[in-house]
Amino acid sequence: MVVLVVAMTYLSFEDLEKEVAVAGYEHIPTLLNENNQDSLFIGHNNLLQKDRIEEVRIYSKPIYTHTELDKLINQGSGPIQYLVEDKGNWSDTDTEPISNHLIGFFRLGKLLTSHLNVVHGGAIATLIDEFFVKVTLPLTPNSFAVTANLNIKYSKPLKFNDEDRLLEVVLECFIVKMKEHRKFTVYGYLKNIHDGYRYCKGELLVVVPKNSIE
């Protein structure tokens, strides 16, 4: 059984990062596209700015290798069988990851809010879309994939108090289904760092294009 690190609650990013490091997760700054100033990813020319997204830290851990993942899917036994056959009906319990597991720490600013100090649902969707795709990239032929379908269930507004300047949240995602390293189903959440409450949960269908999109 894989234990999800972020199932616990923490006082700060630093506390959570210590637990993640002990559990063998690797800090991967390259997932932020920091050296690609002209990209449309969340980078220096987009949302990674003061009062928008002021800080992002991304960690990842391979739960299974390519061969092990293929073997588990083909066996279809135990909890893996449920994940492979699942048609997208979400459970209230945590889903066990079967491949790469990504954890992102974010400090969000008030310029992402729409009204009543609530972070805009579109900004949340951008985070989910951006990083749910990234968790699949180590399993793709050329480290490239795109979103084919995105479903989000918003459970509670992500809201600033009047005295808050930044909100600290945790994004967690993992692959629950893969076909031929070209089609992936990714599942995950956006959580409150302090009490683990899920503001929303998302499911993303990620595909590797057969033809060039250039």
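Residues numbered from 1 in each chain as written. Predicted model: local features only at pLDDT ≥ 70, side-chain atom pairs only at ≥ 80, totals over all residues. Heavy atoms only, no water.

Looking at an unreviewed UniProt entry, one finds the protein chain named Thioesterase domain-containing protein and attributed to Eeniella nana.

## Section: the pairing of strand 2 (residues 53-61)
Selection criterion: Pairing between two strands is assigned when DSSP locates at least 2 bridges connecting them. Secondary structure elements follow DSSP: runs of H or I no shorter than four residues count as helices, runs of E no shorter than two count as strands, and numbering proceeds from the N terminus.
Sheet topology places strand 1 (residues 26-27) next to strand 2; 2 bridges connect them, and they run antiparallel. The partner of His 27 across the bridge, within strand 2, is Tyr 59. With 8 bridges joining them, strand 2 and strand 3 (residues 101-109) adopt antiparallel strand pairing. Paired with Val 56 across the two strands is Phe 106, which belongs to strand 3.

## Comments concerning the packing of aromatic side chains
Where we set the bar: Stacked, edge-to-face and tilted are the three classes for Phe, Tyr and Trp ring pairs, Trp counted by its six-membered ring, which pair at centre distances within 6.5 Å; planes under 30 degrees apart are stacked, over 60 edge-to-face, the rest tilted. For every residue, the accessible area obtained with a 1.4 Å probe (protein chains only) is divided by the maximum for its type, and the residue is called buried under 20%, exposed over 50%, and partly exposed between those limits.
Applying the stated criterion to the full structure yields 6 aromatic pairs. Aromatic pair Phe 106 and Phe 131: ring centres 5.4 Å apart, planes at 70°, arrangement edge-to-face. Of the two residues, Phe 106 sits in strand 3 while Phe 131 sits in helix 4 (residues 121-134), which places them 25 residues apart along the sequence. Both residues of the pair, Phe 106 and Phe 131, belong to the buried class. Ring centres of Phe 174 and Tyr 187 lie 6.1 Å apart, and the angle between their planes is 40°; on these two criteria the pair is classed as tilted. With Phe 174 in strand 5 (residues 166-179) and Tyr 187 in strand 6 (residues 183-192), this pair connects stretches of sequence that are 13 residues apart.

## Describing the pattern of salt bridges
Keep this limit in mind: Every case where a carboxyl oxygen of Asp or Glu lies within 4 Å of a side-chain nitrogen of Lys or Arg is listed as a salt bridge.
Enumeration according to the criterion identifies 9 salt bridges in this entry. Here Arg 165 ties to Glu 54 by a salt bridge, and the two come within 2.7 Å at their closest N and O atoms. Of this pair, Arg 165 sits in the loop between strand 4 (146-154) and strand 5 while Glu 54 is found in strand 2, placing the two residues 111 residues apart along the sequence. Overall, the relative accessible area of 28% leaves Glu 54 in the partly exposed class.

## Some thoughts on the pairing of strand 5
Where burial is concerned, most of strand 5 is hidden: 10 out of the 14 residues are buried. Across 9 bridges, strand 3 lies against strand 5 in antiparallel orientation. Counted as the bridge partner of Leu 108 is Leu 167 from strand 5. Hairpin geometry of strand 5 and strand 6 is characterised by an intervening segment of 3 residues between the two adjacent antiparallel strands and by a positive phi of about 55° at Glu 180.

## Quick word on helix 1 (residues 13-22)
The criterion, for reference: The directions from the helix axis to the C-beta atoms are what the arc is built from. Two residues qualify as a contact provided that any one of their heavy atoms is within 4.5 Å of a heavy atom in the partner residue.
By the burial criterion, the buried members of helix 1 are Phe 13, Leu 16, Glu 17 and Val 20. Looking down the long axis of helix 1, one finds its buried residues gathered within 100° of arc, a one-sided arrangement. Turned more than 90 degrees away from the buried face of helix 1 sit Lys 18 and Val 22, all of them exposed. For helix 1, the elements touching its buried residues are strand 2, strand 3 and strand 5. Positive phi appears at Gly 24, one or two residues downstream of helix 1, with a value of about 90°.

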